[in-house]
Amino acid sequence: MKYLFYKDIYYFFRKNFKLFGFYIGVIIFFIFIETKVGVPLTKELFLDALGLNCSLNDNFLIILMYLFNIGSFVLLAILLVKDDITNFSEYIFLRKSEIWWFFNKFISVSLIVLFLKIILYLICYIYFFVNDYIIDGTFELILKDYIYSLLIIVMLFFLCFLLKRQKKLIFSLLVILLLISHILPMNILNIDLFVSFILIASISFILLIMLRKSKISIFEM
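Definitions and cut-offs
- Residue numbers here run from 1 along each chain, matching the order of that chain's written sequence.
- Whole-chain, interface and lining totals are the exception, using all residues; otherwise, since this is a predicted model, local features are given only for residues with pLDDT of at least 70 and side-chain atom pairs are given and counted only at 80 or more.
- Only hydrogens and water are set aside when side-chain values are computed; all heavy atoms of the structure are taken into account.
- Helix and strand assignments follow DSSP, with helices taken as H or I runs no shorter than four residues and strands as E runs no shorter than two, numbered in order from the N terminus.
- Exposed residues in this analysis have more than 50% of their type's maximum accessible area, buried residues have under 20%, and partly exposed residues fall in between, with area computed by a 1.4 Å probe over protein chains only.
- By definition in these notes, contact holds between two residues if any of their heavy atoms fall within 4.5 Å.
- Only the protein chains shown count as cover for residues, with accessible areas throughout obtained via the Shrake-Rupley method and a probe of 1.4 Å.
- We define a nonpolar core as any set of buried Ala, Val, Leu, Ile, Met, Phe, Trp, Tyr and Cys residues linked to one another through side-chain atoms lying within 4.5 Å.
- Counted as a polar contact is a pair of N or O atoms within 3.5 Å, where, for protein atoms, one must be capable of donating a hydrogen and the other of accepting one, and residues adjacent in sequence contribute only when both atoms are in side chains.
- Each residue carries a pLDDT value, the predictor's own confidence for that position, ranging from 0 to 100.
- Candidate patch residues must exceed 30% relative accessible area and have no salt bridge, after which like charges are joined if within 9 Å and Val, Leu, Ile, Met, Phe, Trp or Tyr side chains if within 5 Å.
- Salt bridges, as used here, are contacts in which a Lys or Arg side-chain nitrogen is within 4 Å of a carboxyl oxygen on Asp or Glu.
- Within 6.5 Å between ring centres, the rings of Phe, Tyr and Trp (the latter by its six-membered ring) count as paired, and their orientation is classed by plane angle as stacked under 30 degrees, edge-to-face over 60, tilted in between.

Draft legend 1. Representation of the overall build of the chain. Each helix and strand counted, the chain has 8 helices and 0 strands in total. Listing each helix as α and each strand as β along the chain from the N terminus yields α-α-α-α-α-α-α-α. Within the chain, the fraction of its 221 residues that count as buried is 44%. Look at the contacts in the chain between residues 6 or more apart in sequence, and 79% of them connect residues 24 or more apart. With the model as given, the accessible surface of the chain reaches about 12,200 Å², and the carbon-plus-sulfur share is 70%.

Draft legend 2. The arrangement of the nonpolar core in detail. Membership of the largest hydrophobic core comes to 63 residues, with the highest contact counts inside it found for I27, I31, F46, L50, L120, Y121 and F128. Counting only elements with at least two residues in this core, the list comes to helix 1 (2–36), helix 2 (43–49), helix 3 (60–87), helix 5 (98–130), helix 6 (138–163) and helix 8 (193–213). Examining the composition of this core, we find that 14 residues originate from one element, helix 3, more than from any other. Leaving out residues up to four positions away in the same chain, F128 has contacts with I31, L41, T42, L45, F46, Y133 and I135.

Draft legend 3. Highlighting the environment of S72. Checked against the element boundaries, S72 lands in helix 3. Between the C-alpha atoms of S72 and S149, which are 77 residues apart in sequence, the distance is 9.8 Å. Side-chain polar atoms of S72 contact the backbone oxygen of F68, separated by 2.6 Å.

Draft legend 4. Molecular detail of the confidence of the model for the chain. For the chain, per-residue confidence averages 79 on the pLDDT scale, and 77% of positions sit at 70 or higher. Mean pLDDT per element in the chain: helix 7 (residues 169–182) is the minimum at 58, and helix 2 is the maximum at 90.

Draft legend 5. Molecular detail of a nonpolar patch on the surface. On the surface, L122, I126, F129, V130 and I134 cluster together to form a nonpolar patch covering roughly 500 Å² of accessible area. Mapped onto the elements of the fold, V130 is located in helix 5. We classify V130 as exposed; its relative accessible area is 57%.

Draft legend 6. Up close: the environment of F73. Mapping F73 onto the fold places it in helix 3. The exposure class assigned to F73 is buried, which follows from its relative accessible area of 2%. Note: C-alpha distance between F73 and Y23 (50 residues apart in sequence) is 9.9 Å. Discounting chain neighbours no more than four positions away, the residues touching F73 are Y23, V113, L116, K117 and I153.

Draft legend 7. Fine view of the packing of aromatic side chains. The final tally for this structure, using the stated rule, is 9 aromatic pairs. Taking the centre distance of 5.2 Å and the plane angle of 35° together, the rings of Y23 and F68 count as tilted. You can see Y23 sitting in helix 1 and its partner F68 sitting in helix 3, a full 45 residues away along the chain. Measuring from ring centre to ring centre gives 6.2 Å for Y127 and F128, while their planes differ by 70°; the resulting arrangement is edge-to-face. A single burial state applies to Y127 and to F128, both of which are buried.

What follows is the structure in structure tokens.
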């Protein structure tokens, strides 16, 4: 567990820290531009910038911020998994089972996502605070955003296993978008935390069972 977590942390700071900086920069730039065109600093603007308060009836830019927010963390999970497969598959999978890998990888990704979410919200909170606006209910916002992101990520893990081949990853992402549009609310604030947690636990448990019984490697090319 410690090995995967430390490796993922090292990989993030070595390869993806600039991308995370770009991600935060885009959000701050969105807030800055919105205020320059007359939009007041309110909680609604905070939610729009983080893609938390989205619906199909919103303008294209708000929907784009929703996709940008979710997609950025899904991309991070993909890159962390790809790093294992590309550079460490012999070291990891000759010594450990895929069940061990999935369980520990999911914990590692979850901790990194949580850490980055906290940094993101802290920076945005400080930006609003220095401009004389205090965001209330921040803890609930982080929790719902975090659980929502984890649910999307575990769905991606599950679909990748079903498809068996990484070259079909784009198809997996399209399936996820379809599931989001029919199962998950686009407005992240409307998710049920208990139901989402049960879904994450259930999908993870099913995937672990399938990994144990499968005779075909999840990473078979």
